[in-house]
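# Examining the three-dimensional arrangement
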Amino acid sequence: MLSRTIFSRGTQLAARRQGGAQLRSYAAAAASSSIPTSFAYETTEVAGVKVAARDSRGPTTKLAVVAKAGTRYESAPGLTVGLEEFAFKDTVKRLALRIVRESELLGGQLAAYHTREALVVEASFLREDIPYFTELLAEVISETKYTTHEFHEDVMRVLHLKQARLARDVSALALDAAHSVAYHSGLGASLYPSPSTPLKGYLSEHTIAAYAEAVYNKSNIALVGDGASTQALHQWTEQFFKSVPKESSISKLKSTATTYYGGEQRVSHTGGNALVLAFPGSSFGTFKPEIAVLTALLGARPNVKWSSGFSALAKATSNSPGAVASATNLTYSDAGLLAIQIHGSAPSVRSTAEAAVKALKDIAAGTINKEDLAKAVSTAKFDALDASQSGVSTLLSAGSGIVQTGKPFQVVETVESIGSVTADKLQAAAKAILDGKATVAAVGDLHVLPYAEELGLKV
């Protein structure tokens with residue numbers, strides 16, 4: 001074995017200089033490269049359909065039809081989840097069994113899900129199989145049969161299972177309650193109808209078929225491809241989506257502008273404890289970078305091992321064993337909800353909520369540590385860039401942006417604006433939300449969980 005002393009001091013210094021120069025060159029390259037161009041979507045209209053594509057040149061592709069059809073737009077409870085469950089069922093050309101077998105033979109993955117503003121029908125597959133799955137998605141949205149037996153045997157069965165799961169999830173119940181208090185109707189509608197919601201008379205295969213006609217038309221959808229070449233996606237969209245209806249002549253979606261109200265709601269529950277403190281946030285239409293930084297500063301659990309975390313909620317939960325807390329900006333087309341979500345034992349939820357409000361008041365008073373601000377800005381940038389790499393959230397945000405505002409959400413503009421946030425802007429944002437009406441939703445042991453007034457919030 002060679003001794004470390006075999007290298008002369010001059011040789012060691014030269015190696016260090018070379019390594020330092022190399023590191024500096026890497027840093028310069030990173031700074032100059034900024035954000036990869038592959039993060040941006042190319043948008044156009046093909047056969048009357050709004051299409052967005054970006055090609056990472058990988059071996060797999062994600063393709064999704066994103067429709068403006070979340071619970072916000074349904075005219076009766078349960079229509080969105082009913083339409084979601086009919087995805088990949090019997091069509092005019094294929095039985096559901098055939099769709100399953102063909103997709104499995106090709107190694108594909110099929111999914112359907114919804115949010116408050118969007119319904120997504122999605123396929124993930126090997127890159128070379130884009131013709132088959134483009135045809136399948138077009139078939140699902142334009143030729144599904146909406147049969148009576150599938151409605152009773154599959155759609156309602158799955159809906160009841162999801163209702164039962166929701167009834168046990170105190171965090172989901174609290175977030176639904178917060179939306180209801182904040183927005184009333186529209187965005188205030190629950191993601192899933194509760195077990196006590198009367199569905200008879202509202203939900204059937206016929207009402208779902210009518211809702212599908214309003215939803216699945218060219219004026220109301222976007223086709224988003226991640227990992228697909230623009231040329232291939234345009235070619236197969238032109239061939240298979242030309243038969244999709246241009247617009248509905250009979251059914252129209254329910255749509256009204258969102259109004260923020262604020263207020264408080266409390267629900268007793270024996271299955272756990274959850275509290276949501278929410279305030280007006282940042283929307284797709286009017287992105288507020290200071291809200292993104294404020295969200296990061298409030299934060300969640302530590303991101304680095306052996307660190308207690310710099311965020312307010314990380315510090316709060318470290319002093320309240322058993323509590324889990326996070327801050328998130330829930331973004332919608334014309335509204336946003338900055339939500340602090342806490343769950344755990346009732347005493348720990350209460351103490352964490354008190355610490356979170358105190359942290360907000362400290363920020364509003366201008367007592368922001370410069371180092372923590374720098375960490376929050378960097379974290380907000382990372383969160384935006386990291387989310388743009390994730391297939392599910394990227395397809396959803398790009399498609400939602402197109403159907404709601406006419407263009408996909410572009411991460412480049414977001415990151416640039418986040419970098420311009422100063423301590424003064426952050427202080428002003430925190431002061432504005434505290435001066436306005438808050439939204440507070442508590443689910444669990446109401447003997448312990450605090451009222452908004454006890455936390456010093458206005459409702």
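Predicted model only: the values in this text are computed from it and were never measured.

## Considerations on the environment of Lys254
If you trace the backbone, Lys254 turns up in the loop between helix H8 (230–240) and strand S7 (263–268). On the basis of relative accessible area, Lys254 is assigned to the partly exposed category, the value being 40%. Remark: the alpha-carbon pair of Lys254 and Ala292, spanning 38 residues in sequence, is separated by 30 Å. When near neighbours in sequence (up to four residues on either side) are disregarded, Lys254 contacts Arg72, Tyr73 and Glu74.

## Concerning the sheet that holds strand S9 (residues 324–331)
With mixed pairing, the five strands of this open sheet are ordered in space as S7-S11-S8-S10-S9. Only two strands of the sheet have a single neighbouring strand rather than two, namely S7 and S9. In this sheet, adjacent strand axes meet at a mean angle of 10 degrees when their direction is disregarded. Of the strands in this sheet, strand S8 (274–280), S9 and strand S10 (336–343) touch helix H9 (residues 289–298), which is tilted by about 170 degrees from S9.

## Structural notes on helix H12 (residues 370–389)
Under the 1.5 Å per step criterion, the end-to-end length of H12 is 29 Å for 20 residues, consistent within 8% with the ideal 28 Å. Turning to H12, its buried residues are Asp372, Leu373, Ala376, Val377, Thr379, Ala380, Ala384 and Ser388. Axial view of H12: buried residues confined to an arc of 165 degrees, hence all on one face. Every exposed residue of H12 that faces more than 90 degrees away from the buried side is listed here: Glu371, Phe382 and Gln389. Two to three positions downstream of the cap, the backbone nitrogen of Glu371 sits 2.8 Å from a side-chain oxygen, assigning the N-cap of H12 to Asn369.

Rules of the game
Counting starts from 1 at the beginning of each chain's written sequence and moves along it residue by residue. Reporting in this predicted model follows two pLDDT cut-offs: at least 70 for local features of residues, and 80 or more for side-chain atom pairs to be given and counted; totals over whole chains, interfaces and linings ignore these cut-offs and use all residues. To get the side-chain values, all heavy atoms of the structure are used, and hydrogens and water are removed first. Each helix is a run of H or I in the DSSP string that is no shorter than four residues. Each strand is a run of E no shorter than two, and both are numbered from the N terminus. Working definition: with a 1.4 Å probe on protein chains only, accessible area under 20% of the residue-type maximum means buried, over 50% means exposed, and in between means partly exposed. Contacts are assigned to residue pairs with any non-hydrogen atoms lying within 4.5 Å of each other. Note on pairing: DSSP must find at least two bridges between two strands before they are called paired. Lines fitted to C-alpha atoms define the axes, with helix axes restricted to the stretch in contact, and inter-axis angles between N-to-C directions lie between 0 and 180 degrees. Residue count minus one, scaled by 1.5 Å, sets the expected span of a helix. Directions drawn from the helix axis to the C-beta atoms are what define this arc. Under this definition, polar contacts are N or O atom pairs within 3.5 Å; protein pairs additionally need one hydrogen-donor-capable and one acceptor-capable atom, and for neighbouring residues in sequence, both atoms have to be side-chain atoms.

Coordinates in, geometry out; function isn't part of it.
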